[in-house]
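Spelled out from the first residue to the last, the chains are:
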Amino acid sequence: MLRVGSAVACMACRNLVSPNMGVRFRMPLQKLHPLSRAIHHRYNASVTPPHRSAARHFTSMSRLPMQPPKPSPGGHGSWRYQQHRNFWMLRLASRLLKLRYIVLGSAVGGGYTAKKTYEEWKDMLPDMGEYNWVIPDFFWELSKQIDLDKLTKMLPELVEIAKFLPELPDLDKIGENFTFLKSILFTAEAPGDTPVKAATDAPVTATPEASGKQFRKSSDKEKVDQLQEELLRTQMKYQRMLERLEKENKELRKVVLQKDEKGIHQRKVKVSKSLIDMYSEVLDILSDFDSNYNTQDHLPRVVVVGDQSAGKTSVLEMIAQARIFPRGSGEMMTRSPVKVTLSEGPHHVAMFKDSSREFDLGKEEDLAALRHEIELRMRKSVKEGQTVSPETISLSVKGPGIQRMVLVDLPGVISTVTAGMATDTKETIFGISKNYMQNPNAIILCIQDGSVDAERSIVTDLVSQMDPHGKRTIFVLTKVDLAEKNLASPNRIQQIVEGKLFPMKALGYFAVVTGKGSAGESIDSIKDYEEDFFQNSRLLRDGMLKAHQVTTKNLSLAVSDCFWKMVRESVEQQADAFKASRFNLETEWKNNYPRLRELDRNELFEKAKNEILDEVISLSQVTPKHWEAILQKKLWERVSTHVIENIYLPAAQTMNSGTFNTTVDIKLKQWTDKQLPHKALEVAWETLQEEFARFMAEYKGKDQDDIFDKLKEAVKDESIKRHKWNETAMDSLRVIQHNTLEDRSITDKPQWDAAIQFMEETLQARLKDTDSVINDMAGPYWKQRWMSWTSRSPEQHICNETKKELERLLKLHEDHTAYLANDEVTTVRKNLEGRGVEVDPVLIKDTWHQLYRRHFLQKALHHCNLCRRGFYYYQRQFVDSELECNDVVLFWRIQRMLLITANTLRQQLINTEVRRLEKNVKEVLEDFGEDNERKVHLITGRRVQLAEDLKKVREIQEKLEAFIEALHEEK
């Protein structure tokens, strides 16, 4: 009889009862399983069983009698054996009444044997740890998962058991039988089949003996292939079950998302922002903060990089479940980064960040419009002379079942700059890609075309430089169908997806198929084609590809899991970094600007806008007297030269009063018709500008800030540039000026005295200017030479000698005309040559002009002094009087014209032009308010930048904290 120790027997006990019962904890015998009591505790403790090493590898069922034992020689041994045999037969007879326990023990023993056999097989097989999620746990723990009650009901009757009972002790056959039983119990074709039903439907002809012989004849390779196929079928079965459940989940979530307060049938639902939307807003704010202040955030993004035409856009479209990007054959289509925020929603729609239009991705016309809009935005972002642009286009895509993540599609990496591209296109693409990939938390989705030679890849070197350890890289091999068809060595694909071919490392390797190359394929047709390809692919069937490494569905799940893992690991660190930045900025503000509010650039612009508008309004508060005085003064400064040189002097050189008045009238009429109105309007416009500038420069409010100086100057210049005087006022002004100049009637003595004073001041100013010109021509006098240690130049010496000679001539002829005759010029020249002075005739005439002018102005001033008492003669029209004061009347007419013109212009300024200028200022301020670049240029300084940084950092920190809170709630 085969006898074993208690240690082996306890194995069956542990497999049949719970760990808290049995021999291990010295429980009473009555609480043990009946089979354990019958086998384990039937021997006398004094009898020592013989040593059998083979029995240690089996269960307690090995104690059943396999063959009659031989009696030992000797009386005592024979008697003891006979006694023991009689006891065993009685025991066996009693236990035959409970054969089902014996058969059950056989099943358990066979399970243990099968488990040992499986352990030996598993050592020869590759690592199947990746398939643990596919095969249920009860496959590995059969002894704990078998339902004993159901198993006993499935056993045959006692008569049938007796037929193969003698063969039960053959433990090898027990293991084979149990393997066959396992295949019956756990192989079900339909997902809903139960083990009991599968067992009852098993074919009767498949006997355990035949199954065991066939199993032994199969080679090891066939066993591995059979197991591989079984695993693939099991995975496909569970994959179909998972897809069905996901589809039902999509429908349920769609219904839930569509529900709101107004009912389930409403198209647009009002729900709170999703987690991914909040995260996308944080990224947008950080992107704006980075571009304006040259900083770099470290929040995760999925950066899609790859060689041109490697299939980046197709992979992104498969993840987004829509053909949303413009397509081209062999040409660069992605010309700027496109940030796509993917999220789940009740409807499959897309929307740009800066637009309210919603594109229905289920309609082909909306898809075409979306592709056209993306292409248009890309072309607008590219500046003249460039091929690609670093400006990011933000797009959000929502739909049922879409994995939540943020992807950035970058322009494809190129190796050669072709015709039509900018010369720096290659370097620009590399710079954009490195800028996104250098983020330590960015997930790099490296896309490689599987249909081309691996040696042609450029992007793998770039990715290995940015992520040498592969801690945040996911490698995707596209166009696997073409690769399997064209490549002579399929092992090359296996080397790629195992990370042994390219000089780069990655977290995971995936193989996908994104269509047959037709632009008209739908996403559903691509999915079906991809699934059919991998189901029939020998790459998967031969074990070169693992089931979890294929299809874009598995890729999107893996990328989403990696993305959110990165987000959870880095978002709190980023929030802490901004919290520290906020503290530093607030401390700097308190130390440098303790009494000022933290106003950012927009708030400062609004404050400056109000101040400028107040200054423009203050123009209307200027008194009429001030306007008229300024206008009259500026107008005379502008026209005085013309009046003296072109009107007064030519007329005053005539011999009689009639000729004087005629000349004056003609010249005044010509002047009024052609020049005077234009000059007057120019003076008025310049006066308005000067007053406007003066008010803006001198305006002192309690909140006056020099930080607005550049803005005010720009507003002033732009407003004046846009302002145009009302042209209709010119005609009326011309009529007024013409009528004023025709009037010669001086009504009272004060007006006469005012005209004389005006004439005297004007002539004295001209005489002073003339003396200054003569002194410059002749050089310093002897007093100046001695006091200032100066001397005359040779030209001044010649001019001084000429002046002396002409003064002698003028003294001899005080009534000389304004011009010298030719013989007089010759005489003066000869006289100077006689004194050794060579002089040019032009110099003689120029010197005579200034000397005669001074002589004439001196005579006019003397005559003006005589006319102070001439008002009485004027009233009598100078009858019986040698005194004629027509020049005084001329200056009175000019003075009155200036006064009336100033009054007219003042009315136009107050009533019309100031209001129009105020309107222009408002328009300029509105334009400046919409132009952020101009505001940044005009409102500058550390204070502005510090306030701007503070506002941005606070906003980012608040959104990060809100996102972290929502992230914790979801978790």
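Residues numbered from 1 in each chain as written. Predicted model: local features only at pLDDT ≥ 70, side-chain atom pairs only at ≥ 80, totals over all residues. Heavy atoms only, no water.

1. Description of the pattern of salt bridges
Next, step 1: Scanning the entire structure with this criterion turns up 44 salt bridges.
Next, step 2: Among the ionic pairs, Lys398 bridges to Asp277, the shortest N-O distance being 3.3 Å. With Lys398 in strand E5 (residues 393-399) and Asp277 in helix H12 (residues 275-293), this residue pair connects regions lying 121 residues apart in the sequence.
Next, step 3: A relative accessible area of 30% places Lys398 in the partly exposed class.
Next, step 4: Between Lys712 and Glu611 there is a salt bridge, with its nearest N and O atoms 3.4 Å apart. Taken together, the positions of Lys712 in helix H26 (residues 709-722) and Glu611 in helix H22 (residues 601-619) put the pair 101 residues apart, joining distant regions of the chain.
Next, step 5: The structure contains a network of salt bridges with shared partners spanning Arg582, Glu586, Glu598 and Arg954. (Salt bridge = Lys/Arg side-chain N within 4 Å of Asp/Glu carboxyl O. Helix = DSSP H or I, 4+ residues; strand = E, 2+ residues; numbered from the N terminus. Buried < 20%, exposed > 50% of the residue type's maximum accessible area, 1.4 Å probe, protein only.)

2. Thoughts on the packing of helix H30 (residues 794-812) against helix H31 (residues 822-834)
Next, step 1: At a closest axis distance of 10 Å, the pairing of H30 and H31 adopts a crossing angle of 125°. Between H30 and H31, the crossing angle belongs to the class labelled oblique. Helix-helix and strand crossings are classified by hand; for H30 and H31 the assignment is right-handed. Residue-level inspection shows Glu801, Thr802, Glu805 and Leu806 of H30 in contact with H31, the latter providing Val828, Asn831 and Leu832. (Axes fitted to C-alpha atoms, helices over the stretch in contact; angles between N-to-C directions. Parallel < 35°, antiparallel > 145°, perpendicular 65-115°, else oblique. Left-handed = near helix turned anticlockwise from the far one by under 90°. Contact = heavy atoms within 4.5 Å.)

3. Brief notes about the sheet that holds strand E9 (residues 508-511)
Next, step 1: With mixed pairing, nine strands are arranged side by side in an open sheet as E4-E3-E5-E2-E6-E1-E7-E8-E9. Pairing within the sheet leaves two strands with one partner each, and these edge strands are strand E4 (359-360) and E9.
Next, step 2: Sheet topology places strand E7 (residues 443-449) next to strand E8 (residues 473-478); six bridges connect them, and they run parallel. Paired with Gln448 across the bridge in E8 is Leu477.
Next, step 3: The sheet strands contacting helix H13 (residues 312-320) are strand E1 (302-306), strand E2 (338-344), E5, strand E6 (405-409), E7 and E8, and the helix crosses E6 at an angle near 160°. (Pairing = 2+ DSSP bridges.)

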